[in-house]
Amino acid sequence: MEEARPCAECSVRDHALCGTLSDAELVGLNRIGRRRRLAAGETLALAGEPAEACGNVLRGALKLTAATTDGREQIVGTLYPADFIGRPYAERVEFTVTALAASEICVFPRGPFERLMEDHAALERELLNHAFAVLATARTQMLTLARRSAREKVAGFLLDMASRGDAHASRGTSDGPISFSLPLNRSQIADLLGLTIETVSRQLTKLKAAGLIALPSARGVTIRDQAGLRMLAG
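Residues numbered from 1 in each chain as written. Predicted model: local features only at pLDDT ≥ 70, side-chain atom pairs only at ≥ 80, totals over all residues. Heavy atoms only, no water.

### Description of the sheet that holds strand S8 (residues 96–99)
This is how it is decided: One requirement defines pairing of two strands: DSSP has to find at least two bridges between them. Think of it this way: any DSSP run of H or I at least four residues long counts as a helix, any run of E at least two long counts as a strand, and we number them from the N terminus. Axis definition: a line fitted to C-alpha atoms, limited for helices to the stretch in contact. Angles are taken between N-to-C directions and run from 0 to 180 degrees.
Here we have four strands laid out as an open sheet, ordered S3-S8-S5-S6, and antiparallel in their pairing. Two strands lie at the open edges of the sheet, namely strand S3 (43–45) and strand S6 (73–79), each paired on one side alone. Taking the axes of each pair of neighbouring strands and ignoring which way they run, one obtains an average angle of 30 degrees across the sheet. Pairing of strand S5 (residues 62–67) with S6 involves six bridges; the strand directions are antiparallel. Across the sheet, the residue bridging to Lys63 is Thr78, located in S6.

Take a look at the structure:
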């Protein structure tokens, strides 16, 4: 379902790509933007199909997947509030985009968005910075998968999840425990980190036994000792 909503109501405006625009400049973006809600498991775009839109994640979580040569699905990335979806000027969708949880995105038709960028250098520059940031993150992830131990990978993943805005909302004090719900199940975490499900479960259990985290539910996590977890992450 899509609906028009003004940028003034956007919950991620200050952190998203369009945060570089002034109120006056946002008028054009608001004119072409539409809110779209996705149910958990709903696909936004399929790899290989024509790239018709791009946008900002407003809430929820989505995954980027590619098909391996043997037909399996491989998670290559995840998207969270304020992250940008899609590639302007790309004719085809590179990765399949699917909602991991109930999500909402602000969708921009690709053609009008490209023309808007041509009129607003700040937006085009921010998109370039975003592309470089995504590339840097991908390189860091490759290094992580190649050199880190299983415990370091799981600890780093939990710290990344804890850095998200939704997690900080549950924090009582700046240095207190931080609780959040994992957007991925253990099988998906294993795919993302290059581990087995058993290894992910074993490492989570060890972190819990060490008093660094609590696991109140299947996907619920509370980080009790962020400094200690960061030391383990390397």
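### Points about the environment of Gly28
Tracing the chain through its elements places Gly28 in helix H1 (residues 26–32). Along the backbone, Gly28 and Leu116 are 88 residues apart, and their C-alpha atoms lie at a distance of 7.4 Å.

### Some remarks on the nonpolar core
For the record, the criterion: In plain words, nonpolar cores are sets of buried Ala, Val, Leu, Ile, Met, Phe, Trp, Tyr and Cys residues tied together by side-chain atoms within 4.5 Å. Accessible area is worked out with a 1.4 Å probe on protein chains only. A residue is then buried under 20% of its type maximum, exposed over 50%, and partly exposed in between. By definition in these notes, contact holds between two residues if any of their heavy atoms fall within 4.5 Å.
Grouped together as the largest cluster of nonpolar side chains are 31 residues, with contacts concentrated most on Phe157, Leu158, Leu182, Ile213, Ile223 and Leu229. Mapped onto this core, the elements with two or more residues apiece are helix H4 (150–162), strand S10 (178–181), helix H6 (186–193), helix H7 (197–209), strand S12 (220–223) and helix H8 (226–233). Residue contributions to this core peak at eight residues, all from H4. With near-sequence residues (within four places) excluded, Leu158 lies in contact with Phe180, Leu182, Leu204, Leu207, Ile213, Val221, Ile223 and Leu229. Ranked by size, the runner-up nonpolar core spans 20 residues in total, among them Cys106, Phe113, Leu116 and Leu123.

### A look at the state of the cysteines
Here is the rule we go by: In this description, a disulfide is simply a cysteine sulfur pair whose atoms lie within 2.5 Å.
For the structure on display, the rule yields zero disulfides. Looking at the unpaired Cys54, the closest cysteine sulfur is the one in Cys106, lying at 9.8 Å. Looking at Cys54, the relative accessible area reads 4%, which means it is buried.

### Overview of the environment of Arg34
Mapped onto the secondary structure, Arg34 falls in strand S2 (residues 34–38). Placed 73 residues apart in sequence, Arg34 and Val107 show a C-alpha to C-alpha distance of 5.2 Å.

### Observations regarding H4
The test is simple: Helix span, as expected, comes to 1.5 Å for every residue beyond the first.
Given a rise of 1.5 Å per residue, 13 residues ought to cover 18 Å, and the 19 Å separating the end C-alpha atoms of H4 matches this to within 8%. Within H4, ten of the 13 residues are buried, which leaves the element mostly enclosed by the surrounding structure. When H4 is considered as a whole, its buried residues turn out to be Ala150, Lys153, Val154, Ala155, Gly156, Phe157, Leu158, Leu159, Met161 and Ala162.

That's the geometry; what it means functionally is another story.
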